[in-house]
Amino acid sequence: MSLQLSPIEHIHNVAHAHHARLVSSRDGHAIFGVRPPSASGAPSQEFILEICRDRDTVTVKEQHPLLLPSFCAERHINPGGTFCLSWGEVEASAIKNRDDAEAWWGKLLTFLLRQRSAAALRRWPGKADARAHGSTAARFQAMAEENAAALGAQFFEAVRDDRLRVNRGRGRDRIALHRNGRKLVTVLREERRVMTLRQRCKCDDANVRHLPLATCGDHAHQLADLVLNLDGWRRSELAFYDYLRSVNQVCCGTMEDCPLAEHQTGID
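Residues numbered from 1 in each chain as written. Predicted model: local features only at pLDDT ≥ 70, side-chain atom pairs only at ≥ 80, totals over all residues. Heavy atoms only, no water.

Counting its secondary structure elements, the chain contains six helices and eight strands. Secondary structure elements of the chain, listed N to C terminal, follow the sequence α-β-β-β-β-α-α-α-β-β-β-β-α-α. Projected onto its principal axes, the C-alpha coordinates of the chain cover approximately 65 × 60 × 35 Å. Burial status across the chain gives 40% buried among its 268 residues. Restricting to contacts in the chain with at least 6 residues of sequence separation, those with at least 24 account for 47%. Surface exposure of the chain reaches about 15300 Å², of which carbon and sulfur atoms provide 48%. The chain carries 37 positive and 33 negative side-chain charges, and their two centres are separated by 6 Å. (Helix = DSSP H or I, 4+ residues; strand = E, 2+ residues; numbered from the N terminus. Buried < 20%, exposed > 50% of the residue type's maximum accessible area, 1.4 Å probe, protein only. Contact = heavy atoms within 4.5 Å. Areas by Shrake-Rupley, 256 points an atom, 1.4 Å probe, with all protein chains shown as cover. Lys, Arg positive; Asp, Glu negative; His and termini not counted. Charge placed at Lys NZ, Arg CZ, Asp CG, Glu CD.)

Structural data, given as C-alpha cells:
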C-alpha cells in the first residue's frame, strides 16, 4: 500500500530543483526560503515564504512583508498577503503528484520574478497573462477570451494586450466596441445583439471572406457576447475596487495608476 503524500510533501520533494530550501515544516504548514534566479546570474534576495495546506492545494505568502507589500491587487497579492498564482475559474490548482508540484513551483518562481520587475517598473510586467481582479471579473474575462478566440488569433491577442475598449453608445442601451481607438460595432445590451448585421464581419478573415456579420458563421453572436462580457469585466473590476475601499484597503504606493490611489490624494 503506497503512502499518499500531502501537497506540501510533494512541493518539498522538488523544492531544491526550484531554488528553494525548507526552513521548517509542521502540521500542514511550512516555511521555505526561495531565491528566484536572476537573468544575469547575480545572487538574488531570498524570499521567506509561508506555505499552508488548503485541502488538496496550498496557499503561499511572504512570512513577513519585507520584500513585498502585504496587499496589492495590482501586484496580485490578496488581502492577507497570499499570492494569486493561478486562475481558479479555469485552472486546476490541486497538487496531487510530482508534476503538479513542478508546475506550482514554476508559477511561483514566475510570480516572484515579476514582482522584482514590478517593483522597478511600477507596473505589472506580464500584462497579457494577468487575470482580472475578483472572481466575477475573472469569469467575464474567461468568457471574453473565448469569444475573441472564435473571431481569430488577432482578436484574441487584442483582448490579451488590452487593446479593446467598450463604452456607452449614443443610447443608454448601446455599448460600443473600439479596437486601437477605432470603433468596430455597437451592441444593444437588452437584445444582446449587434446593432447592424449588414456590416462586414470584424473577424480576422473579414478582408478575405467579404461576408456581412449576418452570414459569417456565428460571429455576430460571438461579437455581441464579447462586448457584453468585456463590459461585465469592466463593471466587475470597478465593483471589486469599490469593495476594497469600503473595507478600508489602501494603496501600497508601489504601482502607477492604481485605482485605490485615485481616492487617496491628500490622505496622510
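Here the narrative resumes, following the displayed structure.
One pass over the structure, following the stated rule, counts zero disulfides. C201 provides the cysteine sulfur closest to C216, a residue in no disulfide bond, and the two sulfurs are 3.7 Å apart. (Disulfide = S-S within 2.5 Å.)

A few words now on helix α3 (residues 135-151). Helix length check: α3, at 17 residues, gives a terminal C-alpha distance of 25 Å against a target of 24 Å (1.5 Å per residue), a fit within 8%. Listed as buried for α3 are A137, A138, Q141, A142, A144, E145, N147, A148 and L151. Just beyond α3, the residue with positive phi is G152, at close to 130°. (Expected span 1.5 Å × (residues − 1).)

In this section: helix α4 (residues 153-160). For α4, every residue scored as buried is listed here: F155, A158, V159 and R160. Of the surrounding elements, those touching the buried residues of α4 are α3, β5 (164-168), β6 (174-179), β7 (182-188) and α6 (219-246). In the stretch just after α4, D162 is the one whose phi turns positive, near 60°.

Across a sheet, paired strands are connected by hydrogen bonds in the backbone, their directions being either parallel or antiparallel. Here four strands make up an open sheet; going across it, the order is β5-β6-β7-β8 and the pairing antiparallel. In this open sheet, the two strands that pair with only one neighbour each are β5 and β8 (193-194). With two bridges joining them, β7 and β8 adopt antiparallel strand pairing. Each bridged residue has a counterpart across the sheet, and for L188 the counterpart in β8 is R193. (Pairing = 2+ DSSP bridges.)

As a further point, take the pattern of salt bridges. According to the stated counting rule, one finds 15 salt bridges in the structure shown. D27 is paired through a salt bridge with R26; the nearest N and O atoms lie 3.5 Å apart. By relative accessible area, R26 is classed as exposed at 66%. The shortest N-O distance in the salt bridge between R55 and D54 comes to 3.5 Å. (Salt bridge = Lys/Arg side-chain N within 4 Å of Asp/Glu carboxyl O.)

A few words now on the packing of aromatic side chains. Pairs of aromatic rings are described using the distance from one ring centre to the other and the angle between the two planes. For the coordinates displayed, the defined rule picks out five aromatic pairs. Residues F83 and F111 carry aromatic rings whose centres are separated by 4.7 Å and whose planes lie at 25° to one another, so their mutual orientation is stacked. Taken together, the positions of F83 in the loop between β4 (57-62) and α2 (98-121) and F111 in helix α2 put the pair 28 residues apart, joining distant regions of the chain. When its relative accessible area of 4% is taken as the criterion, F111 is described as buried. Here the aromatic rings of F240 and Y241 are separated by 5.3 Å at their centres, their planes lie at 85°, and the arrangement is edge-to-face. Joined through ring pairs, the aromatic side chains of F32, W104 and W105 make up one cluster. Geometry around F155 places R179 over its ring, the cationic atom sitting 4.7 Å from the centre. (Phe/Tyr/Trp six-rings, centres within 6.5 Å; stacked < 30°, edge-to-face > 60°. Lys NZ or Arg CZ within 6 Å of the ring centre and 35° of its normal.)

Among the secondary structure elements, N207 is positioned in helix α5 (residues 206-209). The spatial distance from the C-alpha of N207 to the C-alpha of R116 is 43 Å, given a sequence separation of 91 residues.

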